[in-house]
Amino acid sequence: MSATSADPEVTARPVARQQESVWARNPWAGYLLRRSGYFVVSLFVLVTISFLLVQLIPGDPARLSLGEAATPEAVEARRVELGLDRPLIVQYLSFWAGLFTGNLGESISSRMPVIDVIVQRAPATLEIAFAAVAIALIVAVCLGLAFGALTRGGRRRGTEVGFTSVSAVLAVIPEFLAGILLVYLFAVTLQLFPVAGRSDFLSYVLPVTALALGPAASLTRIVRAETLTVLQQDYVRTARSRRMPAIRLYGKHVLPNLLTSTLTISGLLLGSMIAGTVLVENIFAWPGLGGVIVQSIQGKDYPLVQGIIIFYGAVVLLINLVIDIALILLDPRTALDKS
């Protein structure tokens with residue numbers, strides 16, 4: 001064999017080692033690339049399912065939207081209007097083209113572009129959703145940390161039993177039931193807050209509380225359990241034995257280790273909170289997307305239903321992506337472990 005000839009396996013090894021060293025030197029880039037890939041795949045699945053929603057409805061969507069008394073000519077005109085007369089693959093590609101150009105179709109009931117309806121109504125929904133998430137996180141971290149410190153090592157059994165019982169009850173109360181109870185107690189009976197509508201600051205209190213109550217209780221239990229686990233770690237015991245001030249001990253050593261698990265669980269709770277806005281908005285007559293999607297389902301306004309589903313799903317996926325990025329900023333070992 002000639003000295004200039006090379007074994008393909010031998011020449012491939014340095015390339016593989018070079019690529020491996022690139023990812024090893026920059027694990028953040030690899031993690032962000034993979035996580036962004038998951039986001040794109042999830043978004044693709046979400047859009048595909050939303051598109052197939054109309055196709056999987058039993059019967060003819062055009063006939064269902066017009067009613068049984070509609071004439072065949074009217075039904076055929078509605079099919080053309082909805083684009084159902086074209087081949088399925090053409091409809092699918094056209095659906096994607098509309099997403100990239102911001103054209104989600106036209107609402108059957110209002111004759112407004114779907115994107116305009118979402119732009120008008122989405123801010124009201126996002127306001128109470130983000131406020132509920134923020135309040136749930138703040139309340140859960142503060143109360144969970146406090147009750148974890150109070151009940152560490154089996155101390156204050158009465159406090160532990162009371163906390164566990166109350167938080168367990170609050171965690172299982174559905175958002176719509178919490179909303180009804182809050183309206184009856186604080187709006188109708190005590191008349192402290194408006195019954196419904198979106199006006200001043202006070203009108204936000206009840207719907208945000210109804211959304212945040214259950215998730216905050218569930219998250220508080222998790223934060224307390226994590227607090228008890230962290231307090232058993234050797235480095236915390238060492239810091240305590242050195243008479244470290246409590247503020248520094250919990251702020252520097254305990255709290256940072258709680259935030260990663262808290263943010264992870266909050267990402268899981270976010271989906272239920274976004275879905276809960278649909279019921280809460282109908283209870284409080286909130287001018288968001290919740291009431292619109294209920295009306296569009298009842299009125300068989302399929303383009304509007306599709307657009308709102310994509311919006312809700314995209315918001316949940318995007319916020320979970322942000323949470324994952326926040327996790328690696330708080331704890332870079334997350335990126336290293338998943339590289």
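Cut-offs and rules
- Residues numbered from 1 in each chain as written.
- Predicted model: local features only at pLDDT ≥ 70, side-chain atom pairs only at ≥ 80, totals over all residues.
- Heavy atoms only, no water.
- UniProt positions renumbered as here; feature names shortened; annotations may be inferred.
- Core = buried A, V, L, I, M, F, W, Y, C linked by side-chain atoms within 4.5 Å.
- Buried < 20%, exposed > 50% of the residue type's maximum accessible area, 1.4 Å probe, protein only.
- Helix = DSSP H or I, 4+ residues; strand = E, 2+ residues; numbered from the N terminus.
- Contact = heavy atoms within 4.5 Å.
- Phe/Tyr/Trp six-rings, centres within 6.5 Å; stacked < 30°, edge-to-face > 60°.
- Salt bridge = Lys/Arg side-chain N within 4 Å of Asp/Glu carboxyl O.
- Polar contact = N/O pair within 3.5 Å; in protein donor to acceptor, adjacent residues only side chain to side chain.
- Patch = residues over 30% accessible without salt bridge, like charges linked within 9 Å, V, L, I, M, F, W, Y side chains within 5 Å.
- Areas by Shrake-Rupley, 256 points an atom, 1.4 Å probe, with all protein chains shown as cover.
- Expected span 1.5 Å × (residues − 1).
- Bend = angle between axes of the 7 residues up to and from the residue.

- Per an unreviewed UniProt entry, the chain goes by ABC transporter permease and derives from Leucobacter albus.
- Under Sequence similarities (unreviewed entry), UniProt gives the following word-for-word description of the chain: "Belongs to the binding-protein-dependent transport system permease family."

**Notes on the nonpolar core**
Part 1 of the argument: With 41 residues, the main nonpolar core has Ile 118 and Ile 308 as its most contacted residues.
Part 2 of the argument: Among the elements of the structure, helix H6 (114–150), helix H8 (175–189), helix H9 (202–231), helix H11 (246–283), helix H12 (289–298) and helix H13 (302–330) are those that each provide at least two residues to this core.
Part 3 of the argument: Broken down by element, this core gets its largest block of residues, 10 residues, from H6.
Part 4 of the argument: Once you skip the residues sitting within four places of it in the chain, Ile 308 turns out to touch Ile 118, Leu 289, Val 292 and Ile 293.
Part 5 of the argument: Listed in part, the 13 residues of the second largest apolar core include Ala 140, Val 230, Tyr 250 and Val 254.

**Some thoughts on the packing of aromatic side chains**
Part 1 of the argument: Considering all chains together, one arrives at 9 aromatic pairs under this definition.
Part 2 of the argument: Where Phe 51 meets Phe 95, the ring centres are 5.7 Å apart and the plane angle is 45°; that geometry is what we call tilted. Of the two residues, Phe 51 sits in helix H2 (residues 27–55) while Phe 95 sits in helix H5 (residues 88–101), which places them 44 residues apart along the sequence. Of the two residues, Phe 51 and Phe 95, both sit in the buried class.
Part 3 of the argument: An aromatic cluster of three or more residues is present, and its members are Phe 44, Phe 51, Tyr 92, Phe 95, Trp 96 and Phe 100.

**Overview of the UniProt feature "transmembrane region" (unreviewed entry) in the chain**
Part 1 of the argument: Listed under "transmembrane region" (unreviewed entry) in the UniProt record, and renumbered for this structure, are residues 37–57, 128–150, 162–189, 201–223, 258–280 and 309–330.
Part 2 of the argument: The span residues 128–150 is 100% helical and 0% strand by assignment, and the distance between its end C-alpha atoms comes to 32 Å.
Part 3 of the argument: The annotated region residues 258–280 carries 100% helix and 0% strand content, and the separation between its end C-alpha atoms amounts to 30 Å.

**Description of the pattern of salt bridges**
Part 1 of the argument: Applying the stated criterion across every chain yields a total of 3 salt bridges.
Part 2 of the argument: Linking Glu 160 and Arg 157 is a salt bridge whose minimum nitrogen-to-oxygen distance equals 2.8 Å. Placement of both Glu 160 and Arg 157 in helix H7 (residues 157–171) is noted, with a separation of 3 residues, approximately one turn of the helix.
Part 3 of the argument: Under the relative-accessibility criterion, Glu 160 is labelled buried at 17%.
Part 4 of the argument: Among the salt bridges present, the one from Glu 160 reaches Arg 224, with a minimum N-O distance of 3.1 Å. Highlighted residues: Glu 160 in helix H7 and Arg 224 in helix H9, separated in sequence by 64 residues.

**What to know about unusual backbone geometry**
Part 1 of the argument: Unlike most non-glycine residues, Gln 191 shows phi in positive territory, near 55°.
Part 2 of the argument: By the secondary structure assignment, Gln 191 is in the loop between H8 and H9.
Part 3 of the argument: In the Ramachandran plot, Ala 285 falls in the positive-phi region, its phi being about 50° despite a non-glycine side chain.
Part 4 of the argument: Assignment of secondary structure puts Ala 285 in the loop between H11 and H12.
Part 5 of the argument: A relative accessible area of 49% means that Ala 285 is categorised as partly exposed.

**Some points on the environment of Gln 91**
Part 1 of the argument: For Gln 91, the location among the structural elements is in helix H5.
Part 2 of the argument: The spacing of Gln 91 and Phe 51 is 40 residues in sequence and 8.8 Å in space, taken between C-alpha atoms.
Part 3 of the argument: Once residues within four sequence positions are removed from consideration, Gln 91 is found in contact with Phe 51, Gln 55, Gly 83, Leu 84 and Arg 86.
Part 4 of the argument: Engagement of the side chain of Gln 91 in a polar contact is seen with the backbone oxygen of Arg 86, the distance being 2.6 Å.

**Examining a nonpolar patch on the surface**
Part 1 of the argument: A cluster of nonpolar side chains, namely Phe 176, Leu 177, Ile 180, Leu 181 and Leu 279, defines an oily patch on the protein surface of about 420 Å² accessible area.
Part 2 of the argument: At 4 residues, the largest contribution of residues to the nonpolar patch is made by H8.
Part 3 of the argument: When you line up the elements, Leu 279 lands in helix H11.
Part 4 of the argument: Owing to a relative accessible area of 43%, Leu 279 belongs among the partly exposed residues under this scheme.

**Overview of H8**
Along an α-helix, residues three or four positions apart point the same way, because every turn accommodates 3.6 residues.
Part 1 of the argument: With 15 residues, H8 extends 20 Å between its outermost C-alpha atoms, agreeing within 8% with the 21 Å of an ideal straight helix rising 1.5 Å per residue.
Part 2 of the argument: Along H8, the largest kink reaches about 30° and is centred on Val 183.
Part 3 of the argument: Within H8 the residues assigned to the buried category are Glu 175, Ala 178, Gly 179, Leu 182, Val 183 and Ala 187.
Part 4 of the argument: Once H8 finishes, Gln 191 follows within two positions and takes phi at roughly 55°, a positive value.

**Things to note about the environment of Gly 154**
Part 1 of the argument: Looking at where Gly 154 falls in the secondary structure, it is placed in the loop between H6 and H7.
Part 2 of the argument: By relative accessible area, which is 43% here, Gly 154 ends up partly exposed.
Part 3 of the argument: Here the alpha-carbon distance between Gly 154 and Leu 228, two residues 74 residues apart in the chain, equals 9.9 Å.

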